[in-house]
Amino acid sequence: MRTSSHHAAVYFCFPSDTSSMDSDASTPALFAPLHLGSIVLSHRVVLAPLTRNRAEPSETYDNTWFPTGLNVLYYSERATQGGLLISEATPVSRRASGLPGVPGIYTPEQCEGWAKVTCAVHKKRAFIFCQLWHQGRVTHSRLTSLEPWSASAVPIEESLHNSKGLDPVPYDVPHPMSVSEIQETHQEYVNAARNAISSGFDGVEVHAGNGYLPDQFHHSNINVRTDAYGGTPEKRCRFTIELVKKLCAEVGKARVGVRLSPFGLFNETRGEDRQEQWTYLCRELSKLGIAYIHLIEPRFDEWRSESQKLDFLQHYKAIGEEVSLRPYRKVMLPPTKCIVAGGYHPGNCWEGVERGDHDAVAFGRFFISNPDLVDRLRTGKRLYRYERSLFYGPFGKKEIGYTVHLNREFAGESDIGRAQMV
Ligand SMILES: Cc1cc2nc3c(=O)[nH]c(=O)nc-3n(C[C@H](O)[C@H](O)[C@H](O)COP(=O)(O)O)c2cc1C
């Protein structure tokens, strides 16, 4: 397979322009402008990164998928003047994922597809960051034809790949990365970031949460290294901090964000020293002057309901750790902004921004079922319920549950606080 690490092509499009935006004392803080790196948003309702498996398989590059007109429509429907979209998790290389329908950013075909997406988003005068993704031990050799790499040779135990219709398959024991393989992988991210910027993205977000590769380095139950990349909270953060420094050097710190889940349990993340480690990480990342840190609320996980997740976190309280994003937010220095996500809805999305607890709120599931979410929040219109079974497919009629929403019902109390994704 021929892949591209550096594109000569640069895709030009309309620049986003927020010069006409304005706000006054009666404007809720959620709809006030925000300086984020080198861009100025005109409101703080952000599209969270959402894997939707709707990209097209390539006929040219094995095991790859690329964005098409359908994906252009999906993103442009959610673009508003001066609003920020974060792309779905976008693999940085073939080893990074291999999931069907997930568009990477490492072949020319993928970059051309993404350039059409960013162009459509910019025509609506919105901004879009590309979420850079490496699944590490969470992918499988059957998907990539390559051995999965991780911090240590610690496989996922409980879960099995069990896509509908396929027999469950145990996860591979990942290959523990050598220092040169760490550098090689960092370089894949850097190449992907360069591709993202030449494809018209306004910046990149490192997915360093939810148990994916950088997070595998963060967690003491997965990272059992005794070298410079493991053994202490500081050393477990080294993979991510070095990576972010390299990305800042490549695309500029104003165009870099990082997503973290300090309370994450997904993908068997059970690391200790959470508060000490993630406050250290947030402080160090913020010192680099990056555009933002994107934090997932403790109540949200991708496998349990809100109440089950909060019950599970009780033992953090017992050992004196705060079950809130406050300690992490407190160590962030200007100009780094704080975006939060996880369980936000029209009943709880206003106060935190108003109080200055965080700067912007990302919405996932409600943005899936309400492409016009920004307008609905602004005008107080009711939200439509999301349909879980259509989050990651179907693959036959890709538009269903993506750009075409059938049998819509308004959301009610029962839609709030349910974290499960399937
Ligand atoms: C269908 C689906 C796909 C998701 N894909 C991603 C992803 O690609 N990257 C990521 O960081 N988070 C992903 N998430 C998590 C969301 O970004 C978000 O944090 C989560 O849905 C909580 O926000 P919400 O309560 O507003 O839905 C996904 C969530 C859902 C429901």
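For the structure itself, consult the block above.
Residues numbered from 1 in each chain as written. Predicted model: local features only at pLDDT ≥ 70, side-chain atom pairs only at ≥ 80, totals over all residues. Heavy atoms only, no water.

1. Remarks on the packing of aromatic side chains
Moving on, step 1. All chains considered together, the criterion is met by 14 aromatic pairs.
Moving on, step 2. A ring pair is formed by Trp133 and Tyr212, whose centres lie 5.1 Å apart and whose planes are at 85 degrees; its orientation type is edge-to-face. Here Trp133, found in strand β7 (residues 127–133), pairs with Tyr212, found in the loop between β12 (203–207) and α5 (213–218); they are 79 residues apart in sequence, far enough to count as distant. Comparing Trp133 with Tyr212 shows no difference in burial state: the two are buried. (Phe/Tyr/Trp six-rings, centres within 6.5 Å; stacked < 30°, edge-to-face > 60°. Helix = DSSP H or I, 4+ residues; strand = E, 2+ residues; numbered from the N terminus. Buried < 20%, exposed > 50% of the residue type's maximum accessible area, 1.4 Å probe, protein only.)

2. So, unusual backbone geometry
Moving on, step 1. The omega angle of the peptide bond from Pro334 to Pro335 is 10 degrees, so this bond is cis rather than trans.
Moving on, step 2. Within the chain, Arg125 stands out as a residue other than glycine whose phi angle is a positive 65 degrees.
Moving on, step 3. Locating Arg125 in the fold gives a position in the loop between α2 (108–123) and β7.
Moving on, step 4. Classification of Arg125 as partly exposed rests on a relative accessible area of 33%.

3. Topic: the packing of helix α4 (residues 179–198) against helix α7 (residues 238–251)
Moving on, step 1. At a minimum axis distance of 9 Å, the contact between α4 and α7 shows a crossing angle of 35 degrees. The hand of the α4/α7 crossing is right-handed. Contacts between α4 and α7 involve Ile182, Gln183, Thr185, His186, Tyr189, Val190, Ala193, Arg194 and Ile197 on the former and, on the latter, Phe239, Glu242, Leu243, Lys246, Leu247, Glu250 and Val251.
Moving on, step 2. Partitioning the contact of α4 with α7 into residue classes produces 9 nonpolar, 3 polar and 4 charged. (Axes fitted to C-alpha atoms, helices over the stretch in contact; angles between N-to-C directions. Left-handed = near helix turned anticlockwise from the far one by under 90°. Contact = heavy atoms within 4.5 Å. Nonpolar A, V, L, I, M, F, W, Y, C, P; charged D, E, K, R; others polar.)

4. Structural notes on the pairing of strand β14 (residues 292–296)
Moving on, step 1. Of all 5 residues in β14, 5 are buried; the element is thus mostly enclosed.
Moving on, step 2. Here β14 shows no split at all, with Tyr292, His294 and Ile296 on one side and Ile293 and Leu295 on the other all buried.
Moving on, step 3. As paired strands, strand β13 (residues 256–260) and β14 are joined by 4 bridges and run parallel to one another. Across the sheet, Arg259 pairs through a bridge with His294, a residue of β14.
Moving on, step 4. Read as a crossover between parallel neighbours, the route from β13 over helix α8 (residues 274–287) to β14 is right-handed.
Moving on, step 5. Relative to strand β15 (residues 337–341), β14 is paired through 5 bridges, and the arrangement is parallel. By the bridge assignment for β15, Ile296 is matched with Ala341. (Pairing = 2+ DSSP bridges. Right-handed = clockwise from strand over helix to strand, strands pointing away.)

5. Description of the site of the ligand
Moving on, step 1. Around the ligand, the structure places 19 residues, and the nearest of them are Pro49, Thr51, Arg259, Gly343 and Arg365.
Moving on, step 2. His207 places a polar side-chain atom, nitrogen or oxygen, 2.9 Å from an oxygen atom of the ligand.
Moving on, step 3. Bound to the protein, the ligand loses 97% of the 600 Å² it would expose on its own.
Moving on, step 4. Split into classes, the residues belonging to the shell around the ligand amount to 9 nonpolar, 7 polar and 3 charged. (Near = heavy atom within 4 Å. Polar contact = N/O pair within 3.5 Å; in protein donor to acceptor, adjacent residues only side chain to side chain. Areas by Shrake-Rupley, 256 points an atom, 1.4 Å probe, with all protein chains shown as cover.)

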